Each structure stands twice: as structure tokens, then as C-alpha cells.
Amino acid sequence: MYQFLNGMERKTTIVNLDPANEVVPYPTDISILELISLEDTMENLQLGPNGGIIYCMEYLADNMEWLEEKLKACGDDYIVFDCPGQVELYTHNDAMKRILNRLEKMGYRLCCVHLVDSHYCTDAAKFISVLLLSLKTMLQLELPHVNILSKVDLIETYGRLPMALDFYTNVADLSYLQYHLNQDPFMKRFQQLNEAMCGLIEDFALVGFETLCIQDKESVTKVVRAIDKASGYVFGGLEESNESILMTAMRAGSEWDSSVHDVQERYIDSEDPNEDLYRFAREYKMPKEDEEIEGEDVTGAESKAAKRSSEVGELEDGKKRVGFADE
């Protein structure tokens, strides 16, 4: 990302905020290791890796004057903060939130970029866990948020993807994943819990994903555009044509992005990516012709119409999806 941003002539500064990242494979102007390191913390305080990282971040949150002084030398550079990957820092510990609040008070317009390995999509339970983690992080940090399925070019090396990729990026209907969870002998015991978790994610309707293959220039470009829109960077100033901020905003959000379908064709080997969903729709509580539905005998043309309406449902945005008959 550092190479890409500087290649497009955007002056970029990298700040390493990961106290465990002692071998940094990119140039850093500022590093938390100048203040505190995980190795010293573990040795002096007799802490494990998890406790050590949390202590380091809490120490930084209590000594933000050090970071503020370092950032003053960066001027108007575009800043990329490389943060630790420990989930506790973004779900219930308040150290990162305190750090981010101080940065906002300094005038920084922040955007959180959450990277998730795309192979979690191949397992329903893991993907729902990722959704819950992403949702909790968004609510905890209260920042513009871009969730990214990374390493998308390797997604099927971990197993077959049972659904089209846009099912996972849009997070529109989790009934299919809930059905898969309930087929597992162990998870079947927790059907009500599975339903509650899926319902919680759908009720908030906040989580969605971009896709990223870091070796693909077009993929990185689309991710950078999404981040720029979320952070407001794209609206930062007027252009030479003297367009208004409103016109810039309208243009930035007007292009239809077919990147997910392009990624599906390029990296995912599947003749019919929705084959499993069609099978699910046929097998999962579908009414058959000439059977009673809610106490009424549905036969002939009425039965066919009822079956067609249950197979395809209309979403509010006009897209079609497979629907499921009520119990």
C-alpha cells in the first residue's frame, strides 16, 4: 500500500503502532517501538503476548503526547497507521478508542480498514464469527469503516466456496448460512442461538465487504477509492474544473461497481456459483403441488403460482434472490 500510494504521488507516512512488529518490511517514519516494545514488556512485567500487547497500547493511550509530537513533523501527509491484530483491542478494551479519539481531536479524519482473510467464507460458522467481530468493532470504534476480504485470489485453496462471492460481500440474507449451521450435528443443538446471531447482524445492516488481491493493481485501486470515500479524502478540495463539493460527491458515488463479479470470474472456479442456494431453496421447506398450505388446498394454477412466488423474491433494490417458504 505504501508503494501504491506513493506511486500515485500521494505523499504517505507509515506509522507502526504494533509493539510486536519488530521486523518491519516497509519504511516507517514513526514506530511505537521507540516508546515501548512487546518483548521488554513481557520480560519486565512477566506478561504473556496477549496481556503484553494490551499493556503496550494502554501505555501509548496514557502517553499520547509522544505520538502527537511525532505526528507534527508529518505536516499534511496521508497517514497509514499499522495497528495490532489482537481483537480485544477493538471489541471491549478502550485503549485503541482513546488513541483514535485523541487523533480526531488533532484534526485527523480517520477511517478504520478491517482486513479479514477471505478463506473464512468457506465455513459458515467462521464467517458468522467474522460478521459478529466486524459489527462489534464498528460499534466500538465509531469510525467510518471499510471491511475487506483479503487474499481473495487464494480463497478456494482452503475449500470450495458454496455461494457466489457477492453473497458474502453484500451480507444480504443469512438464512442460507443459518441453515448450514443447523445441519452440523454439534451446532444443531443451538438453533435458537444461531437464529439470534444472524438476526442481530441483519438488524444492524452495517456489515459489508470489499475484496482485495494485493498483487492486483486494479483491486488495490478500488479498495483505495472505497477508503477515500469513507474517510472523506475524495471530497477534500475543489478540482481544477471548479466543481462544487456536492458534484464531486455525486460523481464519486454514481459509478456502478462490478468488481465483485469480475473477481468471481477471475479467481473462483465455479460453473454455477449459486448451485448450493438453488438446491437449498428446493429442499428447505418448499411447498409441493397439491399439498395443503396454511389449511387451504392449493392445486393447479394456484399451486404453481405459489411455488413460483416462493422460489424468487424481490428485494427492495430490484435485485432477485431465492426466497424460502414459511414453515
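Residues numbered from 1 in each chain as written. Predicted model: local features only at pLDDT ≥ 70, side-chain atom pairs only at ≥ 80, totals over all residues. Heavy atoms only, no water.

Some details on the packing of helix 7 (residues 124–141) against helix 10 (residues 191–204)
Consideration 1: Where helix 7 meets helix 10, the closest approach of the two axes is 10 Å, and the angle between their N-to-C directions is 45°. Taken together, the axes of helix 7 and helix 10 lie oblique to each other. Between helix 7 and helix 10 lies a crossing whose hand is left-handed. Counted together, Ile128, Leu131, Leu132, Leu135 and Leu139 of helix 7 and Met197, Cys198, Leu200, Ile201 and Phe204 of helix 10 form the full contact between these two elements.
Consideration 2: Here the contact of helix 7 with helix 10 is composed, by residue class, of 10 nonpolar, no polar and no charged. (Axes fitted to C-alpha atoms, helices over the stretch in contact; angles between N-to-C directions. Helix = DSSP H or I, 4+ residues; strand = E, 2+ residues; numbered from the N terminus. Parallel < 35°, antiparallel > 145°, perpendicular 65-115°, else oblique. Left-handed = near helix turned anticlockwise from the far one by under 90°. Contact = heavy atoms within 4.5 Å. Nonpolar A, V, L, I, M, F, W, Y, C, P; charged D, E, K, R; others polar.)

Comments concerning the packing of helix 3 (residues 49–62) against helix 4 (residues 64–72)
Consideration 1: For the pair helix 3 and helix 4, the least separation of the axes is 5 Å and the interaxial angle reads 70°. Relative to helix 4, helix 3 is oriented roughly perpendicular. For the pair helix 3 and helix 4, contact is made by Leu60, Ala61 and Asp62 and by Met64, Glu65, Trp66 and Leu67, respectively.

Let's talk about the environment of Trp66
Consideration 1: Within the secondary structure, Trp66 sits in helix 4.
Consideration 2: For the pair Trp66 and Glu34, spaced 32 residues apart in the sequence, the C-alpha separation amounts to 9.8 Å.
Consideration 3: Those residues in contact with Trp66 that lie beyond four places of it in its chain are Ile30, Ser31, Ile32, Glu34, Leu35 and Leu60.

Focus: the confidence of the model for the protein chain
Consideration 1: Averaged over every residue, the pLDDT of the protein chain is 79; the share at 70 or more is 74%.
Consideration 2: The low-confidence segment residues 238–242 (pLDDT under 50) makes five contacts with residues lying over four places distant or belonging to another chain.
Consideration 3: Confidence drops under pLDDT 50 across residues 285–327; counting only partners more than four residues distant or on other chains, this segment forms 52 contacts. (pLDDT = per-residue confidence, 0-100.)

Observations regarding the pairing of strand 4 (residues 112–117)
Consideration 1: Of the two faces of strand 4, only one is covered, namely that formed by Cys112, His114 and Val116; the face formed by Val113, Leu115 and Asp117 stays uncovered.
Consideration 2: Alignment of strand 4 against strand 5 (residues 145–150), held across six bridges, turns out to be parallel. Paired with Cys112 across the strands is His145, a residue of strand 5. (Buried < 20%, exposed > 50% of the residue type's maximum accessible area, 1.4 Å probe, protein only. Pairing = 2+ DSSP bridges.)

Considering the packing of aromatic side chains
Consideration 1: Following the criterion strictly, the structure yields seven aromatic pairs and no others.
Consideration 2: Taking the centre distance of 6.4 Å and the plane angle of 20° together, the rings of Tyr55 and Tyr59 count as stacked. Of this pair, Tyr55 and Tyr59 both sit in helix 3, four residues apart, which is roughly one turn of that helix.
Consideration 3: Ring geometry for Phe127 versus Phe209: centroids 6.1 Å apart, planes at 45°, classification tilted. Note that Phe127 is positioned in helix 7 and Phe209 in the loop between helix 10 and strand 6 (210–211), a separation of 82 residues in sequence.
Consideration 4: Residue Phe127 is classed as buried on the basis of its relative accessible area of 1%.
Consideration 5: Linked through ring pairs, Phe127, Phe167, Tyr168, Tyr176 and Phe209 together constitute an aromatic cluster.
Consideration 6: Lying across the ring of Tyr78, Arg10 places its NZ or CZ 4.7 Å from the centre. (Phe/Tyr/Trp six-rings, centres within 6.5 Å; stacked < 30°, edge-to-face > 60°. Lys NZ or Arg CZ within 6 Å of the ring centre and 35° of its normal.)

Observations regarding the sheet that holds strand 4
Sheet strands pair via backbone hydrogen bonds, and the direction of the pair is either parallel or antiparallel.
Consideration 1: Reading across the sheet, the three strands line up as 4-5-6 and stay open at both edges, with parallel pairing between neighbours. Strand pairing shows two members of the sheet lacking a second neighbour, strand 4 and strand 6, which therefore form its edges.
Consideration 2: Its contacts with the sheet place helix 11 (residues 217–231) against strand 4, strand 5 and strand 6, and it is angled at close to 165° to strand 5.

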